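Summary of structural features
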Amino acid sequence: MKHNRLVAFNKAAQRFILALLISCPLSVSADNAWSYHQESDRLTNRTYSFALSPLPPRGRYDNIRLEVVCKDNALQVVIDADSLIASQGSDFDFEYQIDKNPPVKLQMKTFKDTKRRGYTEEQAKRIADDLLTGQSVFIRVNTMIRTVLSAAMPLENAAEPIKHVVSDCGLSLSGNAVGEPAYSLSEFEQEFGKLPPEQQQQMLGKIKQILREMQISGPK
């Protein structure tokens, strides 16, 4: 009798573990995706929208999320961290890097009611444009206690949520930020190296002419 109960218990445990293993990939996939949300501000009762990034892998990075927000017809990019960033209403240094492109450094400011959330409006459009030109983004936050918070997150499914938020603010993305990556210097060098010497000289001549025209027509 005890043996039968033990066999039945083992079978039930196996079925539970199997069901858990089957469900895990689905939840991981959902957690790894950008998402679009609409919520109501408790103070003003106004609806605002935001695109929310997935959390970075546990154990490898700090617990940081990136948000692209449309609130009161203003576009913001927000950093939300579990750790201290700076005093309320204080500036701090923020850096982001799309794929292997050069890092972009700028300043953000914490909100007046928290030390763990910061934002920028001035650079929000630029960041939103850049987020749609690559496959991943790496971010760094310099805190008031001289520590650095860092995180990496994918961008392959960020396009629709971010475009939705930007549209909510009545804005449009730049031409190279709607799915087609920006043409990089490394790509040019690779393609240039494939050309025969005669075509390389022709190309260099055209580039030289373009640079001269830009210098002439540029600001004095």
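Read on for a plain summary of the structure.

Basis of the calculations
- Residues numbered from 1 in each chain as written.
- Predicted model: local features only at pLDDT ≥ 70, side-chain atom pairs only at ≥ 80, totals over all residues.
- Heavy atoms only, no water.
- Patch = residues over 30% accessible without salt bridge, like charges linked within 9 Å, V, L, I, M, F, W, Y side chains within 5 Å.
- Areas by Shrake-Rupley, 256 points an atom, 1.4 Å probe, with all protein chains shown as cover.
- Salt bridge = Lys/Arg side-chain N within 4 Å of Asp/Glu carboxyl O.
- Helix = DSSP H or I, 4+ residues; strand = E, 2+ residues; numbered from the N terminus.
- Phe/Tyr/Trp six-rings, centres within 6.5 Å; stacked < 30°, edge-to-face > 60°.
- Buried < 20%, exposed > 50% of the residue type's maximum accessible area, 1.4 Å probe, protein only.
- Polar contact = N/O pair within 3.5 Å; in protein donor to acceptor, adjacent residues only side chain to side chain.
- Contact = heavy atoms within 4.5 Å.
- Disulfide = S-S within 2.5 Å.
- 1 Å grid on protein atoms, 1.4 Å probe; cavity = no way out; pocket = protein on both sides within 12 Å on 5 of 7 lines; lining within 4 Å.
- Points joined across faces, edges and corners; volume = space filled by probe spheres on them.
- Nonpolar A, V, L, I, M, F, W, Y, C, P; charged D, E, K, R; others polar.
- Core = buried A, V, L, I, M, F, W, Y, C linked by side-chain atoms within 4.5 Å.
- Pairing = 2+ DSSP bridges.

The next point concerns a nonpolar patch on the surface. On the surface, a nonpolar cluster with roughly 300 Å² of combined accessible area is contributed by Ile210, Leu211 and Met214. Along the chain, Leu211 falls in helix α5 (residues 197-217).

The way to describe two aromatic rings as a pair is by their centre distance and the angle between their planes. Applying the stated rule across the entire model yields 4 aromatic pairs. Here Phe111 and Tyr119 contribute two aromatic rings whose centre-to-centre distance is 4.6 Å and whose plane-to-plane angle is 25°, an arrangement assigned as stacked. Classification of Tyr119 as partly exposed rests on a relative accessible area of 23%.

With that settled, the discussion passes to the side chain of Thr110. Along the chain, Thr110 falls in strand β6 (residues 104-110). Side-chain polar atoms of Thr110 contact the backbone oxygen of Ser87, separated by 2.5 Å. A distance of 2.9 Å separates the side chain of Thr110 from the backbone nitrogen of Gly89, its partner in a polar contact. Apart from the residues lying within four places of it in its own chain, the contact partners of Thr110 are Ile85, Ala86, Ser87, Gln88, Gly89, Ser90, Phe92, Lys115, Arg117, Gly118 and Tyr119.

Attention now moves to the state of the cysteines. Within the structure shown, the criterion is met by 1 disulfide. One disulfide in the model links Cys70 with Cys169; its S-S distance is 2.1 Å. Residues Cys70 and Cys169 are joined by a disulfide whose S-S torsion is about 115°; by sign, that bridge is right-handed. Within this pair, whereas Cys70 is found in strand β3 (residues 64-71), its partner Cys169 is found in the loop between α3 (159-168) and α4 (185-193), the two being separated by 99 residues in sequence. Of the residues examined, Cys70 reaches a relative accessible area of 7% and is grouped as buried.

Attention now moves to the layout of surface pockets. In this structure, the largest pocket occupies an estimated 470 Å³ of space. Lining the largest pocket are 16 residues, with Asp41, Lys71, Phe111, Asp113 and Arg117 sitting closest to its centre. The set of elements that each furnish at least two residues to the lining of the largest pocket consists of β2 (47-52), β3, β4 (74-81) and β7 (117-120). The greatest single-element share of the lining of the largest pocket, amounting to 3 residues, is contributed by β3. When its residues are assigned to classes, the lining of the largest pocket shows 6 nonpolar, 3 polar and 7 charged.

For the rest of this paragraph, the subject is the nonpolar core. Phe94, Leu131 and Ile162 are the most contacted members of the largest nonpolar core, which has 37 residues in total. Counting only elements with at least two residues in this core, the list comes to β3, β4, β5 (91-98), β6, α2 (124-131), β8 (136-142), β9 (148-154) and α3. With sequence-adjacent residues up to four places away left out, Phe94 is seen in contact with Ile79, Val104, Lys105, Leu106, Met108, Ile127, Ile139, Arg140 and Val141. With 5 residues, the next largest nonpolar core counts Tyr48, Phe50, Leu52 and Val69 among its residues.

Further remarks concern the pairing of β4. For a regular strand, side-chain orientation follows a simple rule: the groups alternate between the two sheet faces. Along β4, 7 of the 8 residues are buried, which leaves the element largely enclosed by surrounding structure. Of the pairings in the sheet, the one linking β3 to β4 comprises 8 bridges and is antiparallel in character. When the bridges of β4 are listed, Leu66 appears paired with Ile79. Between β3 and the antiparallel strand that follows it, β4, lie 2 residues; Asp72 among them carries a positive phi value of about 55°. One ladder, built from 4 bridges, connects β4 with β7; its direction is antiparallel. Looking across to β7, one finds that Ile79 is bridged to Gly118.

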